[in-house]
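Working through the structure, step by step
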Amino acid sequence: MNNLLYQVDDRPPLLTTILLAAQHMLAALGGIIAVPLVIGAVLKLPADQVVALVNAALLGSGVVTIIQCKGVGPVGIRLPCVMGTSFAFVGAAITIGFEYGVPGILGSSLAGSAIMIVGSFFMPQIRKLFPHTVTAVVVTMIGLSLVPVAIDWAAGGKGAPNYAAPINLGIALFVLVTVIGLVQFGKGIISAAAVVIGMAIGYVVCLGFGLVDFSSVATATTFALPQPLQYGMTFPLSGILAMGLAYIVTIVETTGTFMALGTATNTKVRGKHLCRGVLCDGVGSAFVSILGSPAVSTFAQNVGVISLTGVASRHVVALTGGFLLLAGLFPVLGAVVVTIPQPVLGGAGLMMFAMILAAGVQMLASVEHNKRNGLIIAVSLGCGLAVSARPELLAKMPAIVKEIFGSGISTGAIVAMALNLILPGREDEVHDEEAEEPPQPLLVKNVEAA
């Protein structure tokens, strides 16, 4: 059980909330803009279309984040979830885009979201496929999948000409040590905002070394209104099927992320809460498709911010959604954040993502020690790591296999669920899914994050 500085329903003071919300935004922004940038680069879209995709992604992510955190009727899990464009849809989007262009991507995404919306109503049943052993595997795989991302950031960015240059690693190490010091020895807001403070200090150091590139700020427009349906939509059957498969995989990954979030926030995540969360993912993806953005899903990396800082307030993350919305309306704001050098992100990210891994390891340690559970953990983690470490392993497999097992998280989860169902002595969850009340955090004494 985590010691939390702020519980799920706590409302920190305004200035504190602003600082903590900015911290979540910094952790998520790179991932949100990366998807439209990758799609635009591969499809060789005109610069104005790429900019429009980025703006729509930021604006849409902000709106859906607010709904996920605050809740609107049956939509939204009411936990501190940051929503953003997901790499789970990139493969399908690029395949569709080559043949049908952006209208095909957006139309397929809108139609495919129906699978997630319908699937959300079966989450109490899906929840039963995630007993403690399976959940522990998924949380661990989330951490294992994210740590290499932070390492690439720390080295200067994957494919960068100065990858692993000593200056990059030195800055990342400096930020990492700074964050550790602030978390361990800081008090109150200093400890809770350790990530954003550490990144700010690292940013100043990079300014001194001349490592900050302001070209994105110079070319960014100050204000831009969204233009829904500006590209139009087409609905190719093959594209809808490809996107639908991506949505099915995302349901598995999102369920794992929600379970990890429950662990980080000391909240019992029940089947009907998963229903509200996945429904928000589906409705949100339909909304952003109309807005002109790739589909969205719950971001796992922000779970690490909560684990590290002890700030689980959903109201803080709802304000993060407001910041993302503003970044979509005022592209120059997002451009300023994009100037943060990758090693600065890597130093902070390594700490945040490793916290998710540590939570997974702690959960694995609490699993009943027997041969059956040992097989499930070993085989599922091994398979998940196989596709994460060597993605070319699936290069010659059919497209449907690559879509389902292309992520280490989904591979680990599917293998763990399958083994739990197949091996004798199936582990079942306690049948508490039917509770109607919204998720409440377990009673934990408020202490300073340490």
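Here, every reference points to the structure presented above.
Presented here is an overview of the structure given in this document. These figures come from a predicted structure and were not determined experimentally.

Look at helix 5 (residues 132-154) against helix 10 (residues 237-265): their axes get within 9 Å of each other, and the N-to-C directions meet at 95°. Viewed along their axes, helix 5 and helix 10 adopt a mutual orientation that is roughly perpendicular. Contact residues: Thr135, Val138, Val139 and Ile142 in helix 5; Gly256, Thr257, Met259 and Ala260 in helix 10. When its residues are assigned to classes, the contact of helix 5 with helix 10 shows five nonpolar, three polar and no charged.

In a regular helix each residue adds 1.5 Å, so 16 residues correspond to 22 Å; helix 13 (residues 314-329) covers 23 Å between its end C-alpha atoms and thus fits that length. On the buried face of helix 13, the contacting elements are helix 1 (14-43), helix 2 (47-70), strand 1 (83-85) and helix 14 (331-338). In this structure serine 313 caps helix 13, since a side-chain oxygen of it lies 3.2 Å from the backbone nitrogen of histidine 315.

Before going further, it helps to examine the packing of aromatic side chains. For the coordinates displayed, the defined rule picks out three aromatic pairs. Both rings, one in tryptophan 153 and one in phenylalanine 353, keep their centres 5.9 Å apart while their planes meet at 55°; by these two values the pair is tilted. Remark: phenylalanine 353 occurs in helix 15 (residues 342-365) and tryptophan 153 occurs in helix 5; sequence separation between them is 200 residues. In this pair, the class of tryptophan 153 matches that of phenylalanine 353, namely buried.

On to the side chain of asparagine 373, then. Topologically, asparagine 373 is positioned in helix 16 (residues 371-389). One polar contact links the side chain of asparagine 373 to the main-chain carbonyl oxygen of glutamate 368, over a distance of 2.9 Å. Excluding residues within four positions of it along the chain, asparagine 373 makes contact with Thr133, Val367, Glu368 and Glu427.

Rules and cut-offs
Residues numbered from 1 in each chain as written. Predicted model: local features only at pLDDT ≥ 70, side-chain atom pairs only at ≥ 80, totals over all residues. Heavy atoms only, no water. Axes fitted to C-alpha atoms, helices over the stretch in contact; angles between N-to-C directions. Helix = DSSP H or I, 4+ residues; strand = E, 2+ residues; numbered from the N terminus. Parallel < 35°, antiparallel > 145°, perpendicular 65-115°, else oblique. Contact = heavy atoms within 4.5 Å. Nonpolar A, V, L, I, M, F, W, Y, C, P; charged D, E, K, R; others polar. Expected span 1.5 Å × (residues − 1). Polar contact = N/O pair within 3.5 Å; in protein donor to acceptor, adjacent residues only side chain to side chain. Phe/Tyr/Trp six-rings, centres within 6.5 Å; stacked < 30°, edge-to-face > 60°. Buried < 20%, exposed > 50% of the residue type's maximum accessible area, 1.4 Å probe, protein only.

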